[in-house]
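Residues per chain, in single letters:
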Amino acid sequence: MTEEREKVGVLLISYGSRAAALIDALSRSASYEARLFVADKQRNPFNVTHAEKHVVIPDLDVEKICDFVEANKSSIDFGICGPEKPIIAGVRDVVERKTGVPMICPTKRYAIEGSKASQRYLIEDCCAEANPKFKVFHHADYKSVSEVKEALWAFLDNFGDEVAVKPDKPAAGKGVGVWGDHFTSREHLFTHFRSIFESGSDVILEERVEGEESSFQAFCDGKRLLALPDTRDYKRAFDSDLGPNTGGMGSYKDTADWLPFIDEHDREEEVLLVQKIFNKLRGNGSNDELRGIPLYVAFMHTREGAKILEINSRPGDPEIMNILPVLENDFVDLCFRMIEGTLSRLECAKKATVVTYAVPMDYGGYRKRDSGDRRVDLSAAYALQDTYGDHLRVYPGSMELREDGNTYALGSRAVCTVGVGETMEEARELSLEGIRNIDGALWNRWDVGAAHYIERNIKKMRELRG
Ligand code: GLY
């Protein structure tokens, strides 16, 4: 006779496949039966099927989310927020204040991705060696366009033209201009710079650092930061890192806690750097405003050591999908521990995982237009998931279940498959087998976790380090 599991009500604030992965992890709890209350960007077919209550809030407005929680608060034990926008807008502060439901995400004050300039100053304060050369151009410091241009030229003279130009506001990557991608002359760079500056935002210039990237994530209860294994994000749209920087088309995790092109010492360096930042934010004791994944750090491993490209205060998409399917802790229990401040141990299976995203034809400019009906049938992929069990997961993201009973791809990353294997190749094969079983006009990268891709990363690191 199976023992009855304790019921627990969980609010999920959902954007993309990340929420499906979180729901899947909650649903696998051995001790708890999760009743799910989902505040969703759209009628995600996975979320609709799994939720006891589901509400669509297209802009994920904090007040509307809070109304949903208020209406169901007697049934909700805690909430989890995946996307950054509500976190930056203070969803935790508002929901906790108005409803008393504890939230797993940092408070508005610690949504450190809200300001790229503040991030740079924070890193400068804790571990300056991990900052690329940067300069923040504050409006208040300049009286005229020619003055700011002069300062910009001085920076370029010092550190070279190969820079990234970023607005100091959360823009989900929008407005970021990179030498080589968006401009190849100083005048064009300045045009880009000026368009941000004149829109009222301060502007940050960062030197381009050469190396290989890793993504670092950690769960936090305010006292402790428990590191998750490293993952590698595939940010460019097309195979071999060609095409625009669209945001993760896939990602992989190796069997070890670090990636194949770095070693244990690089990993220790990552942990040390993030711990320094955490210690600074935490102060002397504990600071439960940091609960959740307050420091998801994109590192660039360079000749001079690890540099921090950016910090987010939420789980990575797709990187968290590499982790949750192999998390050995009971995820509901882990959530309670984050809330209670009793995090003590984190276990992930020593398996490789490969996430591959399938995206609509017009995503990333792959096709200029997609005039198909955008219908996507996941039934064969789900059937394969039933066959492979824990070795294959299928997580719909930017998809919608419509009145006609069919599911449709919207504008962004439609669905991802996660392959879990003893080796990277096995995980990749499983992930791609899942992709091949999705019926719809979608496309994907084929090289996520591929041996030839990883070999190239290893070679580049060797060359860099001599
Ligand atoms: N993988 C990129 C992001 O989550 O921002």
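Calculation rules
Residues numbered from 1 in each chain as written. Predicted model: local features only at pLDDT ≥ 70, side-chain atom pairs only at ≥ 80, totals over all residues. Heavy atoms only, no water. Helix = DSSP H or I, 4+ residues; strand = E, 2+ residues; numbered from the N terminus. Rg over C-alpha atoms; globule rule 2.2 N^0.38 Å. Buried < 20%, exposed > 50% of the residue type's maximum accessible area, 1.4 Å probe, protein only. Contact = heavy atoms within 4.5 Å. Areas by Shrake-Rupley, 256 points an atom, 1.4 Å probe, with all protein chains shown as cover. Axes fitted to C-alpha atoms, helices over the stretch in contact; angles between N-to-C directions. Parallel < 35°, antiparallel > 145°, perpendicular 65-115°, else oblique. Nonpolar A, V, L, I, M, F, W, Y, C, P; charged D, E, K, R; others polar. Pairing = 2+ DSSP bridges. Near = heavy atom within 4 Å. Polar contact = N/O pair within 3.5 Å; in protein donor to acceptor, adjacent residues only side chain to side chain. Salt bridge = Lys/Arg side-chain N within 4 Å of Asp/Glu carboxyl O. Core = buried A, V, L, I, M, F, W, Y, C linked by side-chain atoms within 4.5 Å. Expected span 1.5 Å × (residues − 1). Arc of directions from axis to C-beta.

### Considering the overall build of the protein chain
Along the backbone of the protein chain there are 14 helices and 24 strands. Relative to the 2.2 N^0.38 estimate, which gives 23 Å for 466 residues, the radius of gyration of the protein chain is 22 Å and therefore close to what a compact globule would have. Counting only C-alpha atoms, the protein chain reaches 75 × 45 × 45 Å along its principal axes. Evaluated residue by residue, the protein chain yields a buried proportion of 57% over its 466 residues. Long-range pairs, those at least 24 residues apart, make up 68% of the contacts in the protein chain between residues at least 6 apart in sequence. As displayed, the protein chain offers around 19300 Å² of accessible surface, 47% of which is attributable to carbon and sulfur atoms.

### Examining the packing of helix α6 (residues 116-127) against helix α9 (residues 264-282)
For the pair α6 and α9, interaxial distance at closest approach is 9 Å and the crossing angle is 105°. When the axis of α6 is compared with that of α9, the two are roughly perpendicular. Listed contacts from α9 to L122, I123, D125, C126 and C127 of α6 are L273, K276, I277, K280 and L281. Across the contact of α6 with α9, the residue classes tally to seven nonpolar, no polar and three charged.

### As for the sheet that holds strand β9 (residues 203-207)
The strand order across the open sheet built from four strands is β6-β9-β7-β8, with neighbouring strands paired in antiparallel fashion. Two strands bound the open sheet, and with one partner strand each, they are β6 (134-137) and β8 (177-178). With four bridges joining them, β6 and β9 adopt antiparallel strand pairing. Residue F134 lies in a different strand from β9, and its bridge partner there is E206. The sheet strands contacting helix α7 (residues 145-159) are β6, β7 (163-167) and β9, and the helix crosses β6 at an angle near 175°.

### Remarks on the site of the ligand
Residues in close proximity to the ligand include D233, Y296, R314, G316, D317, P318 and E319, which together make up its full environment. Y296 is positioned with one of its side-chain polar atoms (N or O) 3.0 Å from a nitrogen atom of the ligand. Side-chain polar atom of R314 to an oxygen atom of the ligand: 2.6 Å apart, as the coordinates give it. Here the ligand has 200 Å² of accessible area as a free molecule, and 84% of this is covered by the chains.

### A few points about the pattern of salt bridges
Evaluation of the coordinates by the stated rule reveals 48 salt bridges. A salt bridge links R456 to D241, with the nearest nitrogen and oxygen atoms 3.9 Å apart. Of this pair, R456 sits in helix α14 (residues 451-465) while D241 sits in the loop between β14 (236-238) and β15 (242-245), and the two are 215 residues apart along the sequence. Each of E162, R208, E210, E212, R232 and K460 takes part in salt bridges that share partners, so that together they form one network.

### Side note on the nonpolar core
L12, L26, F78, I80, F219, M321 and F331 are the most contacted members of the largest nonpolar core, which totals 52 residues. Top element by residues in this core is helix α1 (residues 17-27). It accounts for seven residues. Among all residues touching L12, those that are not within four sequence positions of it are A19, L22, I23, L26, L36, F37, V38, A39 and I80. The next biggest cluster of nonpolar side chains, apart from the first, holds 23 residues, and it includes A130, F216, C220 and L225.

### Digging into helix α8 (residues 186-197)
Between its first and last C-alpha, α8 extends 16 Å over 12 residues, near the 16 Å set by a 1.5 Å rise per residue. Of the positions making up α8, those classed as buried are R186, L189, F190, H192, F193, I196 and F197. On an axial view of α8, the arc spanned by its buried residues comes to 160°, and they lie on one face. Opposite the buried face of α8, at more than 90 degrees from it, the exposed residues are H188 and T191. Close packing links the buried residues of α8 with β6, α7, β7, β8 and β9.

### Concerning the environment of E269
With respect to the helices and strands, E269 occurs in helix α9. For E269, a relative accessible area of 26% gives the class partly exposed. Measuring from C-alpha to C-alpha, the distance between E269 and G305 comes to 8.4 Å, with 36 residues separating the pair along the chain. With residues near it in sequence (within four places) discarded, E269 still touches G305 and A306.

### Notes on the sheet that holds strand β2 (residues 32-40)
The five strands lie next to each other as β3-β2-β1-β4-β5, forming an open sheet whose pairing is parallel. The sheet is open, and its two borders are formed by β3 (53-56) and β5 (103-104), each paired with just one other strand. Strand direction decides the pairing type here: strand β1 (residues 6-14) and β2, joined by nine bridges, are parallel. The partner of S14 across the bridge, within β2, is D40.

### Re the pairing of strand β16 (residues 250-253)
Residues G250 and Y252 line one face of β16 and the alternating positions S251 and K253 line the opposite face, and both faces are buried. Where strand β13 (residues 232-233) meets β16, two bridges bridge the pair, whose relative direction is antiparallel. Across the sheet, the residue bridging to D233 is S251, located in β16. When β16 meets strand β19 (residues 352-360), the two strands line up antiparallel, connected through four bridges. From the neighbouring strand, K253 faces β19, where its bridge partner is T353.

### A short note on the pairing of β9
The element β9 is largely enclosed, with a buried count of five among its five residues. Burial along β9 is two-sided: the residues V203, L205 and E207 and I204 and E206 are all buried. Note: β7 against β9, five bridges, orientation antiparallel. Paired with P167 across the bridge in β9 is V203.

### A short note on the side chain of N312
Locating N312 in the fold gives a position in strand β18 (residues 305-312). In this structure N312 comes out as buried when scored by relative accessible area, which is 5%. Once you skip the residues sitting within four places of it in the chain, N312 turns out to touch E113, I293, P294, L295 and Y296.

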